[in-house]
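The primary structure of each chain is shown beneath.
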Amino acid sequence: MNQKVDVVIIGAGAAGLMCAAEAGKRGRRVLVLDHAKKPGRKNSDLWRW
Ligand SMILES: Cc1cc2nc3c(=O)[nH]c(=O)nc-3n(C[C@H](O)[C@H](O)[C@H](O)COP(=O)(O)OP(=O)(O)OC[C@H]3O[C@@H](n4cnc5c(N)ncnc54)[C@H](O)[C@@H]3O)c2cc1C
């Protein structure tokens with residue numbers, strides 16, 4: 001990757017995505033990183049009712 005970003009957000013949970021959206025709305029270039037295979041994995045995969 002050879003792109004410059006203004007903001008790096010670790011974690012694509014609700015808080016991280018909200019921060020990303022707000023920073024994006026303010027014109028910032030945002031990179032969101034998550035160690036899970038997909039965002040929201042905790043809520044979608046790890047819990048079975
Ligand atoms: C089954 C279930 C139902 C829920 N229902 C509701 C509801 O109805 N209403 C409500 O308000 N809340 C609900 N919650 C709580 C909800 O999970 C939290 O409010 C919300 O997800 C918190 O968001 P967060 O971004 O703080 O944390 P998280 O959602 O935990 O996001 C953190 C992210 O950071 C990533 N991460 C962590 N460490 C690292 C690392 N070192 N490097 C890279 N990435 C990393 C994780 O993979 C994760 O994606 C529910 C939770 C569960 C489990």
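You'll find the structure just up there.
Participant: Got a minute to help me understand the overall build of the protein in this structure?
Facilitator: The helix and strand tally for the protein stands at two helices and two strands. Going residue by residue from the N terminus, the α and β elements of the protein occur as β-α-β-α.

Participant: How should the site of the ligand be read in this particular structure?
Facilitator: Taken together, 16 residues lie around the ligand, and Gly11, Gly13, Ala14, Ala15 and His35 are the ones closest in. Elements represented by at least two residues in the shell around the ligand include exactly α1 (14–25) and α2 (41–44).

Participant: Explain the environment of Gly16 here, please?
Facilitator: Counting through the fold element by element, Gly16 comes out in helix α1. Contact partners of Gly16, with chain neighbours within four places excluded, come to Ile9, Gly11 and Val32.

About the cut-offs
Residues numbered from 1 in each chain as written. Predicted model: local features only at pLDDT ≥ 70, side-chain atom pairs only at ≥ 80, totals over all residues. Helix = DSSP H or I, 4+ residues; strand = E, 2+ residues; numbered from the N terminus. Near = placed C-beta within 6 Å. Contact = placed C-beta atoms within 7 Å.

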